[in-house]
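# Fold and contact review
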Amino acid sequence: ADSDTSVVSAQYDRRGISHTVGFLLTPKLGYVTISPSLSLTERWYDHRLERYYDRVTGAVAARDVRGFFALHGFQTGLGLSTKLYGTLAPNMAGIQGVRHTVEPRLSYTYKPDFSSPAWGMYQAYRDSLDREVRYDPYTGYSERPGEVYGGVSAFESQTLGFNLSNLFEMKLDPADNDTTMTPRKFRLLEVSLGSAYNFVSDSLHMADWSLDYRTNIGGLFDLYGGASFSPYQWQRTRMGVDSTGAPVVLEQGHVVNTYLAQSGGLARMTRFDFHLTSTLTHELFTSASRDSSAMPATTAYRIPWSLSFGFDYGMDQYNPESKTRSASMRANLSISPTPGWRVTGCSSAAGDGRK
């Protein structure tokens, strides 16, 4: 219901049912994996909001129309991927080998413009100048809310996506106390880079480039994060003065449909984030060479404890004239002084800034 301080307006009920079905195949053609996909969406409503031009009031009004209304939508795509391997075997310092896996992926997705009259899901009314105005009857208007699952997409999309994943792994000699002589394997670094290009958008066809990374240090620290890069130029805010000499904004800063490559650049970083997490326990500091079978049957109770902590840092400079930064730290300590008791404590600190 919608209300102000004195009048309660009519109440509106909104109900709906949504169905989504997806199909995905992953056949292989030699060394290439082909992934055709199809996603179907159906939404059912028991009424919709139809607009009309009221010639008495000279304004556009809306009314609820009861009935059964079904909206159909779909998205289809095709993906291609493969894997390339490179191996280095130094056989020194206990390193048996280092492997680099490269996985390039291409994907094409298509989604039509469901606001087109051919689909029959948008409605239209004639305005005061007898012009046709098309609209989505499943979105809200004035004080009337929209349907629970919304309407349909009004923009066609034909997008070519590209992603390049890199995985670096290392194999070490078996541990000295490993009787199975099994080599130890570690993931050194995971890095991926991707973007997309929409062939039918009005402007800014290329999406930001996204870089993601993850690594582990000594099995104790997880380090991960990412960054985004825009291929387009930024036009700075243009200032001026009014008749009194006071400064005024003549044009707000914004992205322009011009590639940075045209001015000798490549891309500008718009976002960066960094995360570090770790969990330490009493077991990590227990001697690995201890022979438990040689220990006496009765031993003193060893106090279990664990310490988890993390650090997060983020920077957003999509608007280079207004950069924001944030950082936070957190820690959680758990101790069991007796088998039946556990004491936990946590602490955190955070801060952010803009310039």
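Residues numbered from 1 in each chain as written. Predicted model: local features only at pLDDT ≥ 70, side-chain atom pairs only at ≥ 80, totals over all residues. Heavy atoms only, no water.

### Observations regarding the overall build of the chain
The following threshold applies: Put simply, DSSP H or I for four residues or longer makes a helix, DSSP E for two residues or longer makes a strand, and each gets a number counted from the N terminus. Based on C-alpha atoms, the radius of gyration is set beside the globule rule, defined as 2.2 Å times the residue count to the power 0.38. To sort residues, take the accessible area from a 1.4 Å probe on protein chains only and compare it with the maximum for the residue type: under 20% means buried, over 50% means exposed, and anything in between is partly exposed. Note on definitions: a residue-residue contact is assigned when non-hydrogen atoms from the two residues lie within 4.5 Å. Residue exposure ignores everything except the shown protein chains as possible cover, and the areas themselves are Shrake-Rupley values with a 1.4 Å probe. Neither His nor the chain ends is counted toward charge; the positive residues are Lys and Arg and the negative residues Asp and Glu. In plain terms, the charge of a residue is placed at NZ if it is Lys, CZ if Arg, CG if Asp and CD if Glu.
Assigned secondary structure in the chain consists of zero helices and 20 strands. For 355 residues, the compact-globule formula gives about 20 Å, and the C-alpha radius of gyration of the chain, at 30 Å, lies well above that figure. Considered along the principal axes of its C-alpha atoms, the chain spans approximately 95 × 60 × 55 Å. In the chain, buried positions account for 23% of the 355 residues. Long-range contacts, defined here as pairs at least 24 residues apart, represent 57% of the contacts in the chain between residues at least 6 apart. Taken as a whole, the chain presents about 23100 Å² of accessible surface, with 57% of it coming from carbon and sulfur. Taken as two groups, the 34 positive and 35 negative side-chain charges of the chain have centres that lie 4 Å from each other.

### Quick word on the pattern of salt bridges
One side chain can pair with another of opposite charge once the charged atoms of both are near each other. Threshold: Salt bridges are defined as contacts in which a side-chain nitrogen from Lys or Arg sits within 4 Å of a carboxyl oxygen from Asp or Glu.
What the rule picks out here adds up to 14 salt bridges. Note that Glu190 is salt-bridged to Arg187, the shortest N-O span being 3.4 Å. The residue Arg271 makes a salt bridge to Asp273 at a minimum N-O spacing of 2.3 Å. Accessibility expressed as a relative area gives 15% for Asp273, which makes it buried. A single network of salt bridges, built from pairs that share partners, joins Arg14, Asp64, Arg144 and Glu147.

### Quick look at the packing of aromatic side chains
Condition: When the centres of two rings from Phe, Tyr and Trp lie within 6.5 Å, Trp using its six-membered ring, the rings pair. Their planes under 30 degrees apart give stacked, over 60 give edge-to-face, and anything left gives tilted. By definition here, charges over rings are those cases where NZ of Lys or CZ of Arg is within 6 Å of the ring centre and within 35 degrees of the ring normal.
Within this structure, the stated rule accounts for 13 aromatic pairs. A ring pair is formed by Tyr232 and Tyr259, whose centres lie 4.8 Å apart and whose planes are at 20 degrees; its orientation type is stacked. Placement of Tyr232 in strand 13 (residues 232–235) and of Tyr259 in strand 16 (residues 254–259) is noted, with a sequence separation of 27 residues between them. An aromatic cluster is present here, built from Phe74, Phe114 and Trp119 joined pairwise through their rings. If you follow Arg63 out to its NZ or CZ, it ends over the ring of Tyr52, 4.3 Å from the centre. Over the ring of Tyr318 we find Arg268, and its NZ or CZ is 5.7 Å from the ring centre.

### Focus: a nonpolar patch on the surface
Quick reminder of the rule: Patch building starts from residues that exceed 30% relative accessible area and form no salt bridge, then joins like charges within 9 Å and nonpolar side chains (Val, Leu, Ile, Met, Phe, Trp, Tyr) within 5 Å.
A contiguous nonpolar patch, built from Tyr31, Val32, Leu80, Leu106, Tyr108, Leu160, Phe162, Phe199 and Val200 and spanning about 820 Å² of accessible area, is present on the exposed surface. When contributions to the nonpolar patch are tallied by element, the ones reaching two or more residues are strand 6 (95–111) and strand 9 (157–172). Tracing the chain through its elements places Tyr108 in strand 6.

### Topic: the nonpolar core
The cut-off we apply is this: By convention a nonpolar core is built from buried Ala, Val, Leu, Ile, Met, Phe, Trp, Tyr and Cys residues, the set being connected through side-chain atoms within 4.5 Å.
Of all hydrophobic cores here, the largest spans eight residues; its members are Tyr45, Phe69, Leu71, Phe114, Met121, Tyr122, Tyr138 and Val152. Setting aside residues up to four positions removed in sequence, Phe114 forms contacts with His72, Gly73, Phe74, Trp119, Met121, Tyr122, Val152 and Ser153.

### Describing the environment of Pro183
The residue Pro183 is located in the loop between strand 9 and strand 10 (184–198) in this model. Sequence spacing of Pro183 and Met170 is 13 residues, and the spatial spacing of their C-alpha atoms is 10 Å. Apart from residues lying up to four places away in sequence, Pro183 is in contact with Gln96, Lys171, Leu172 and Pro174.

### Focus: the environment of Tyr53
Its location among the elements puts Tyr53 in strand 3 (residues 32–54). On the basis of relative accessible area, Tyr53 is assigned to the partly exposed category, the value being 21%. Spatially, the C-alpha atom of Tyr53 lies 9.7 Å from that of Asp130, the residues being 77 residues apart in sequence. If near-sequence neighbours (up to four positions away) are discounted, Tyr53 is found in contact with Gly58, Ala59, Val60, Tyr125, Arg126, Asp127 and Ser128.

### Observations concerning unusual backbone geometry
In this structure, Asp130 takes a positive phi of about 65 degrees despite not being glycine. Looking at the element boundaries, Asp130 is found in the loop between strand 7 (123–126) and strand 8 (132–135). Here the phi dihedral of Leu204 falls at roughly 50 degrees; this positive angle occurs in a residue that is not glycine. Tracing the backbone through its elements, the reader meets Leu204 in the loop between strand 10 and strand 11 (209–217).

### Quick notes on the side chain of Arg51
Tracing the backbone shows Arg51 in strand 3. Buried charge without a salt bridge: Arg51, with Asp136 as the nearest opposite-charge side chain at an N-O distance of 7.5 Å. When sequence neighbours within four positions are dropped, the list of residues in contact with Arg51 reads Val60, Ala61, Ala62, Tyr125, Tyr135, Asp136, Thr139, Gly140 and Tyr141.

### Some thoughts on the pairing of strand 4 (residues 59–81)
Every other side chain in a regular strand lies on the same face of the sheet, so the side chains alternate between the two faces. The criterion, for reference: Strand pairing follows a simple DSSP-based rule, namely that at least 2 bridges must link the two strands.
Across 21 bridges, the pairing between strand 3 and strand 4 is antiparallel. When the bridges of strand 4 are listed, Tyr45 appears paired with Phe69. Between strand 3 and strand 4, which follow one another and run antiparallel, lie four residues, and Gly58 among them has a positive phi close to 70 degrees. As paired strands, strand 4 and strand 6 are joined by six bridges and run antiparallel to one another. Residue pairing across strands places Gly77 opposite Thr109, the latter belonging to strand 6.

### Overview of the environment of His19
Looking at where His19 falls in the secondary structure, it is placed in strand 1 (residues 17–24). When the C-alpha positions of His19 and Val249 are compared, they lie 48 Å apart, and in sequence the two are 230 residues distant. With residues up to four places along the chain from it excluded, the contact list for His19 reads Leu40, Thr41, Glu42 and Trp44.

Read these as layout, nothing more, since geometry by itself doesn't imply function.
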